[in-house]
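Read off the chains here:
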Amino acid sequence: PVLTRTPSQTSTPRPPPTPHTPKTPAPGEKLPPWLSEPAWQRILAIRSPLLRLHQEIVDFTRYMQPSKQEQAMREAAVDRVREVAMSIWPNGEMAVFGSYATGLYLPSSDIDAVMLNTNAVPVQGLKAMAAALTRKNMAKNVQVIAKAKVPIVKFTEIESDLQF
């Protein structure tokens, strides 16, 4: 179908958009933590608002990436939890998944892990894992959530203070 407009339906012409220049921070106003003064000046020099946004997103992403130390801390926590799990199910396999496995986690993200090939009844297996972590004094705030659609054990690994 062809649509037509009557003169009363047409809008008044709009003036062409003017390029938006980002403001410089006022005295005492701080830049976001992912932008240093040189980075901000580099962004200000970009004419296109979309490219400025792109550059700030790139800077933010770099800022949020885990450091090698943070990555090593998470890997060590996973290894410690894996060691406990393997003491219960020596023929099992622990796999991580979710944001940690993809590398897209934030500093406050938990670590998702699953035990495979255990031949355990799910709720009994979760209770066994919770008991082993507690007995070895490796976890705090241990909760077995058995009635969820996917039963889980939630805990905070003591040495790293990371949540699983």
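Located above this text is the structure these notes cover.
*Asks:* I'm lost on the side chain of Arg52 in this one. Help?
*Replies:* Summarising the element assignment, Arg52 is placed in helix 2 (residues 49–64). A polar contact of 3.0 Å, which involves the side chain of Arg52, links it to the backbone oxygen of Arg47.

*Asks:* Please clarify how the pattern of salt bridges should be interpreted in this entry.
*Replies:* Side chains that differ in charge, positive against negative, can pair when their charged atoms come close. Counting across every chain of the model gives 5 salt bridges. Asp59 serves as the salt-bridge partner of Arg42, at 2.9 Å between the closest nitrogen and oxygen. Remark: Asp59 occurs in helix 2 and Arg42 occurs in helix 1 (residues 37–44); sequence separation between them is 17 residues. A relative accessible area of 8% places Asp59 in the buried class. The partner of Arg82 in a salt bridge is Asp79, and the shortest N-O contact between them spans 3.4 Å. Highlighted residues: Arg82 and Asp79, both in helix 3 (residues 68–88), separated by 3 residues, approximately one helical turn. Owing to a relative accessible area of 45%, Asp79 belongs among the partly exposed residues under this scheme.

About the criteria used
Residues numbered from 1 in each chain as written. Predicted model: local features only at pLDDT ≥ 70, side-chain atom pairs only at ≥ 80, totals over all residues. Heavy atoms only, no water. Helix = DSSP H or I, 4+ residues; strand = E, 2+ residues; numbered from the N terminus. Polar contact = N/O pair within 3.5 Å; in protein donor to acceptor, adjacent residues only side chain to side chain. Salt bridge = Lys/Arg side-chain N within 4 Å of Asp/Glu carboxyl O. Buried < 20%, exposed > 50% of the residue type's maximum accessible area, 1.4 Å probe, protein only.

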